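In case you want the letters, here they are:
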Amino acid sequence: MSRQNPYSRVDPRTIAARAQGYPARSVFKLEEIDEKSSLLRPGDHVLDLGAAPGSWSMYAARQVGAGGRVLAIDLQEIEQGFADWVTVVQADAFTLDESLHAGFAPYDVVLSDMAPKTGGDKFTNAARSHNLFEAALEVALRFGKPGSHFVGKLFMGQDFNQARQAVANSFARVKVVKPKGTRTTSVEVFLVGLSKKL
């Protein structure tokens, strides 16, 4: 008998997220990271990379309020409705024209919940995750203001220490967070860079 895919089950966190108006349970991961690190403040400008289905952008929008701005980018179409201060773009976040960031950048917070398409080889999955993480970090360094924060998802693998060091090189503090909302079968963790150096 084959094991059921744990991601196909509707669990209590999924139900709770939907009850609060969020499309996915991932919102609780960002909420926990935010509570532990004081990332999002009223008036902040936020870039959400890999934003679909929209839970992180919705949470960020609620935290920054009408005085803030959120730019949500994903290759997939995002059907979720948002507050007026959220702009959604369907595109490759790494090939965007710089002019798109006008009116948003420099950012106070850059978020990345991006994950690669995965297969059966965990080493390949981790390597692909690391590549996405590095690309997201590069965006954060390029468009984040001094003192800004970065959150990036990463699959645990042989490149973890390299990724952590890359964050440490450019941010005053680094946290490694595996939120309670992460499924027990998941190898994902989040690297949090606080207070981007000049």
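In what follows, the accompanying structure is described. (Residues numbered from 1 in each chain as written. Predicted model: local features only at pLDDT ≥ 70, side-chain atom pairs only at ≥ 80, totals over all residues. Heavy atoms only, no water.)

**Focus: the side chain of Asp74**
- Its place among the elements puts Asp74 in strand β2 (residues 69-74).
- Although buried, Asp74 forms no salt bridge, and the nearest oppositely charged side chain, Lys153, lies 10.0 Å from it.
- Only 3.0 Å separates the side chain of Asp74 from the backbone nitrogen of Ala52, close enough to count as a polar contact. (Helix = DSSP H or I, 4+ residues; strand = E, 2+ residues; numbered from the N terminus. Buried < 20%, exposed > 50% of the residue type's maximum accessible area, 1.4 Å probe, protein only. Lys, Arg positive; Asp, Glu negative; His and termini not counted. Salt bridge = Lys/Arg side-chain N within 4 Å of Asp/Glu carboxyl O. Polar contact = N/O pair within 3.5 Å; in protein donor to acceptor, adjacent residues only side chain to side chain.)

**Some remarks on the pattern of salt bridges**
- Inspection of every chain in the model, using the stated rule, returns seven salt bridges.
- Arg41 is the partner of Asp44 in a salt bridge, and the nearest nitrogen-oxygen pair spans 3.6 Å.
- Here Arg41 falls in the partly exposed class, since its relative accessible area comes to 40%.
- A salt bridge links Lys153 to Asp113; its shortest N-O distance comes to 3.1 Å. Of this pair, Lys153 sits in strand β5 (residues 144-155) while Asp113 sits in the loop between β4 (107-112) and α4 (122-143), and the two are 40 residues apart along the sequence.
- Here the salt bridges do not stand alone but share partners, grouping Lys29, Asp113, Lys153 and Glu188 into one network.

**Topic: the nonpolar core**
- Ranked by size, the top nonpolar core spans 26 residues in total, and within it Leu47, Leu49, Phe133, Phe150 and Leu191 carry the most contacts.
- Those elements that provide at least two residues to this core are β1 (45-49), β2, β4, α4, β5, α5 (160-170), β6 (171-177) and β7 (188-196).
- Sorting elements by how many residues they give to this core places α4 first, with six residues.
- Core analysis: the second largest hydrophobic core is formed by 21 residues, Phe28, Leu40, Ala61 and Phe190 among them. (Core = buried A, V, L, I, M, F, W, Y, C linked by side-chain atoms within 4.5 Å.)

**Considering the environment of Leu198**
- Within the fold, Leu198 resides in the segment after β7.
- Placed 51 residues apart in sequence, Leu198 and Gly147 show a C-alpha to C-alpha distance of 7.7 Å.

**Digging into the packing of aromatic side chains**
- Under the criterion given, the structure shown has three aromatic pairs.
- Relative to Phe150, the ring of Phe133 lies with its centre 5.6 Å away and its plane at 65°, an arrangement referred to as edge-to-face. Here Phe133, found in helix α4, pairs with Phe150, found in strand β5; they are 17 residues apart in sequence, far enough to count as distant.
- In textbook terms, an aromatic cluster arises when at least three aromatic residues are bridged by ring pairs, as seen for Phe133, Phe150 and Phe171.
- Here Arg69 stacks its cationic end above the ring of Phe104, 4.4 Å away from the centre of that ring. (Phe/Tyr/Trp six-rings, centres within 6.5 Å; stacked < 30°, edge-to-face > 60°. Lys NZ or Arg CZ within 6 Å of the ring centre and 35° of its normal.)

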